[in-house]
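# Reading the structure
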Amino acid sequence: MSSLIVELEGICAGYEGRDILHDLDFQVEHGAAVALLGANGSGKSTLVRTVLGLVPASEGTRKLFDVPVHKFRRWERVGYVPQRLGAGGGVPATVAEVVAAGRLSRRRLLWPSTAADRRIVTESLDRVGLADHKAKAVSQLSGGQQQRVLIARALAAQPDLLIMDEPVAGVDAQNQEVFTQVLTDHLQQGGTFILVAHELGPVEPLITRAVVLSQGAIVHDGAVPPLSDAAGHHVHAHDDLELWSR
């Protein structure tokens, strides 16, 4: 069996007939900690959404866990944390209810939650430091706490692969520390992650591979580029392909 969890070959993908990604190859091996870097509009979010089958591909092939994405059904193996939007989305849901949605991929359709499901929801909230907030409405939480709820929802599925699209952009140091510990635990448990980020900050020591995009193409694939300030913050290249390719 292949050690590759993600396989994209010759991918052209985008929106409304306009490709954002151009003839792109991208693979992720089991146990990797991959950071996707690049300026706004470089194609980072499009890439992760293409991996998940959320963006149509006009050319190329894509697989998850050695299965073509259009045939893939084991979605409990993938945890997805979207960009920070209001986690409650205007719906008066509690923290526990949002996180419990992460268990749906592991249950048969219309089957009620079990004691094990409820235990895992509580454990997931505990891992992000929100176990005491599970009865609160998500709308009452801060932006950083809402992001932690979305991370807990992804963890509740007990995924092998975590895909996160700028999950801690603009949040405070405490939330970043919690997030870093979550990723550390995930790797120690044999998991894999793909992280879209502008700033790596405290997560940088965990990264085993950095992939930099510019104008829908990969211009660097390897160690984290030495374009960081003393605090470990990623310096934007503003799609300067020559700069990233040095």
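These notes cover the structure that comes with them. (Residues numbered from 1 in each chain as written. Predicted model: local features only at pLDDT ≥ 70, side-chain atom pairs only at ≥ 80, totals over all residues. Heavy atoms only, no water.)

### Some details on the overall build of the protein
Within the protein, the secondary structure is distributed over 6 helices and 10 strands. Looking at the protein as a whole, 48% of its 246 residues qualify as buried. Of the contacts made within the protein by residues no fewer than 6 positions apart, 69% connect residues no fewer than 24 positions apart. Total accessible area on the protein is roughly 12100 Å²; 50% of this is exposed by carbon and sulfur atoms. (Helix = DSSP H or I, 4+ residues; strand = E, 2+ residues; numbered from the N terminus. Buried < 20%, exposed > 50% of the residue type's maximum accessible area, 1.4 Å probe, protein only. Contact = heavy atoms within 4.5 Å. Areas by Shrake-Rupley, 256 points an atom, 1.4 Å probe, with all protein chains shown as cover.)

### Topic: the sheet that holds strand β2 (residues 18–29)
Sheet architecture is open: 4 strands sit in the order β2-β1-β4-β5, paired in antiparallel fashion. The open sheet has two free edges, formed respectively by β2 and β5 (67–68), since each of these has just one partner strand. The strands touched by helix α1 (residues 44–51) within the sheet are β1 (4–15), β2 and β4 (57–64), with β1 carrying the most contacts at an inclination of about 120°. (Pairing = 2+ DSSP bridges. Axes fitted to C-alpha atoms, helices over the stretch in contact; angles between N-to-C directions.)

### Some details on unusual backbone geometry
A positive phi angle, close to 45°, is found at D23, a residue other than glycine. Position of D23 among the secondary structure elements: in strand β2. One non-glycine residue, D66, lies in positive phi territory at about 70°. Note that D66 resides in the loop between β4 and β5.

### Examining the nonpolar core
With 39 residues, the main nonpolar core has V99, V128, M164, F179, L183, F193 and L195 as its most contacted residues. At the level of secondary structure, the elements contributing two or more residues to this core comprise β3 (33–37), α2 (95–100), α3 (115–127), α4 (143–156), β7 (161–165), α5 (173–188), β8 (192–196) and β9 (209–214). Residues L47, V48, V55 and V211 belong to the second largest nonpolar core, which totals 28 residues. (Core = buried A, V, L, I, M, F, W, Y, C linked by side-chain atoms within 4.5 Å.)

### Thoughts on the packing of α4 against α5
Orientation of α4 relative to α5, taken along the N-to-C sense of each, is 10°, at an axis distance of 10 Å. Here α5 runs roughly parallel to α4, going by the angle between their axes. Taking contact as the criterion, the partners of G144, Q145, R148, I151 and L155 in α4 are, on α5, Q174, N175, V178, F179 and V182. For the contact of α4 with α5, the residue count by class is 5 nonpolar, 4 polar and 1 charged. (Parallel < 35°, antiparallel > 145°, perpendicular 65-115°, else oblique. Nonpolar A, V, L, I, M, F, W, Y, C, P; charged D, E, K, R; others polar.)

### Observations regarding the pairing of β8
Within β8, 5 of the 5 residues are buried, leaving the element largely enclosed by the surrounding structure. Going residue by residue along β8, you find T192, I194 and V196 tucked away on one face and F193 and L195 tucked away on the opposite face as well. Inspection of the sheet shows β3 paired to β8 by 4 bridges, in the parallel sense. Note on β8: the bridge partner recorded for V34 is I194. Across 5 bridges, the pairing between β7 and β8 is parallel. Bridge pairing in β8 places L161 opposite T192. Each parallel crossover has a hand, and for β7 linked through α5 to β8 it is right-handed. (Right-handed = clockwise from strand over helix to strand, strands pointing away.)

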